[in-house]
Amino acid sequence: LRGRAALRGWRLLVLHRQKGVTTEVVTVIKMNALQSSNASSPGRRGVDYIGVGVGALIVDEQGRLFLARRGPKAKNERGLWEFPGGSVEFGETLAAALQREMDEEFGIQIAVGKLLDVVDHILPEEGQHWVSPTFLCRITAGQPVIREPGKCAEIGWFAPHAVPSDLTLITRQNLAHYLQRMR
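What counts, and at which threshold
Residues numbered from 1 in each chain as written. Predicted model: local features only at pLDDT ≥ 70, side-chain atom pairs only at ≥ 80, totals over all residues. Heavy atoms only, no water. Helix = DSSP H or I, 4+ residues; strand = E, 2+ residues; numbered from the N terminus. Buried < 20%, exposed > 50% of the residue type's maximum accessible area, 1.4 Å probe, protein only. Areas by Shrake-Rupley, 256 points an atom, 1.4 Å probe, with all protein chains shown as cover. Phe/Tyr/Trp six-rings, centres within 6.5 Å; stacked < 30°, edge-to-face > 60°. Pairing = 2+ DSSP bridges. Axes fitted to C-alpha atoms, helices over the stretch in contact; angles between N-to-C directions. Salt bridge = Lys/Arg side-chain N within 4 Å of Asp/Glu carboxyl O. Expected span 1.5 Å × (residues − 1). Arc of directions from axis to C-beta. Contact = heavy atoms within 4.5 Å. Core = buried A, V, L, I, M, F, W, Y, C linked by side-chain atoms within 4.5 Å.

A. Local environment of the overall build of the protein chain. Across its full length, the protein chain carries three helices and 10 strands. The buried share among the 183 residues of the protein chain stands at 40%. Of the roughly 10,300 Å² of accessible surface on the protein chain, a fraction of 56% belongs to carbon and sulfur atoms.

So this is what it looks like as structure tokens:
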């Protein structure tokens, strides 16, 4: 059995890994109890409940796209190229979260433009589910540098039809929507 099942306020997460004959049954959480408890840590975004992320499809003056390769300490899809982004904090707007993440991770300021798409980023193999809007953006100040090498291994600019083939799930979907929009 692979994936997850949700039953009226309960969440059952079952992971099956084929390493020898290892089966892991990981957690049953009563979501209502979790949300109403006084615990200081309500759980892990994207794992214990659906997380909200936000992405930036950054385009430069030549029409190239900015991509980052996920590093060894990334939350998921390590080693794959992505349009960068991150988690939205409680009380933070989508645009503010995106601007904060780009500054923290790459030392750049961005203008957040039009919404490109909203994608369900479901990763059954990693037991994660995120909902992630991606916005068309441009850099207004700074040159991108890797500030968090554990999360990001490499960065680069690519023509839309010459991006690396090893893209994250959400980046493949974002790129397809972007190319459709360009027609």
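B. Here's a closer look at the packing of aromatic side chains. Evaluation of the coordinates by the stated rule reveals three aromatic pairs. When the ring of F66 is compared with that of F106, the centres are 5.3 Å apart and the planes differ by 85 degrees; the resulting orientation is edge-to-face. With a gap of 40 residues between them, F66 in strand β5 (residues 65-70) and F106 in helix α2 (residues 94-106) connect regions that are remote in the sequence. Judged by its relative accessible area of 1%, F106 is buried. Between the aromatic rings of F66 and W157, the centroid separation amounts to 5.2 Å while the plane-to-plane angle is 50 degrees, which identifies the pairing as tilted. A residue pair is termed long-range when its members are at least 10 positions apart, and F66 in strand β5 and W157 in strand β10 (residues 152-158) qualify at 91 residues. F66 gets classed as buried once you look at its relative accessible area, which sits at 0%.

C. Geometry of the sheet that holds strand β7 (residues 85-87). A sheet is described by the order of its strands in space; here four strands give the open sequence β7-β4-β9-β8, paired in mixed fashion. Lying at the two open borders of the sheet, with one neighbouring strand each, are β7 and β8 (109-123). Averaged over all pairs of adjacent strands, the angle between strand axes in this sheet comes to 20 degrees, irrespective of strand direction. Here three bridges tie strand β4 (residues 51-58) to β7, and the two strands are oriented antiparallel to one another. Residue G53 lies in a different strand from β7, and its bridge partner there is S87.

D. Looking closely at the pattern of salt bridges. Counted by the stated rule, this structure contains 11 salt bridges. Note that R44 and D48 form a salt bridge whose closest N and O atoms lie 3.5 Å from each other. Linking R70 and E82 is a salt bridge whose minimum nitrogen-to-oxygen distance equals 3.0 Å. Of the two residues, R70 is situated in strand β5 and E82 in strand β6 (residues 81-82); the sequence distance between them amounts to 12 residues. Accessibility assignment for this pair places R70 and E82 in one class, buried. Connected through salt bridges with shared partners, the residues E92, R100, E101 and E104 form a single ionic network.

E. Just helix α3 (residues 169-182), in detail. In this model, α3 (14 residues) spans 20 Å end to end at C-alpha, consistent with the 20 Å of a helix rising 1.5 Å per residue. Within α3, burial applies to I170, T171, N174, L175, Y178 and L179. Buried residues of α3 fall within an arc of 165 degrees about the axis and therefore sit on the same side. Considering only its buried residues, α3 is in contact with β4, β5, β6, β8 and β9 (128-141).

F. Representation of the nonpolar core. I58, L98, M102, F106, I110 and C137 are the most contacted members of the largest nonpolar core, which has 15 residues in total. At the level of elements, β4, β5, α2 and β9 are the ones that each hand at least two residues to this core. Among the elements that make up this core, the one with the highest residue count is α2 (four residues). Setting aside residues up to four positions removed in sequence, M102 forms contacts with A56, I58, P84, G85, G107, I108 and I110. Counting 13 residues, the second largest nonpolar core, distinct from the first, contains W81, V163, L175 and L179.

G. Summary view of α2. Counted at 1.5 Å a residue, the expected span for α2 with its 13 residues is 18 Å, and the 18 Å between its end C-alpha atoms agrees. Inspection of α2 places A97, L98, E101, M102, E105 and F106 among the buried residues, and these make up the whole buried set. Projected onto a plane normal to the axis of α2, the buried residues spread over an arc of 130 degrees and lie on a single side. In this structure, the buried residues of α2 make contact with β4, β5, β7, β8, β9 and β10. Phi for G107, located one or two positions after α2, is positive at around 70 degrees.

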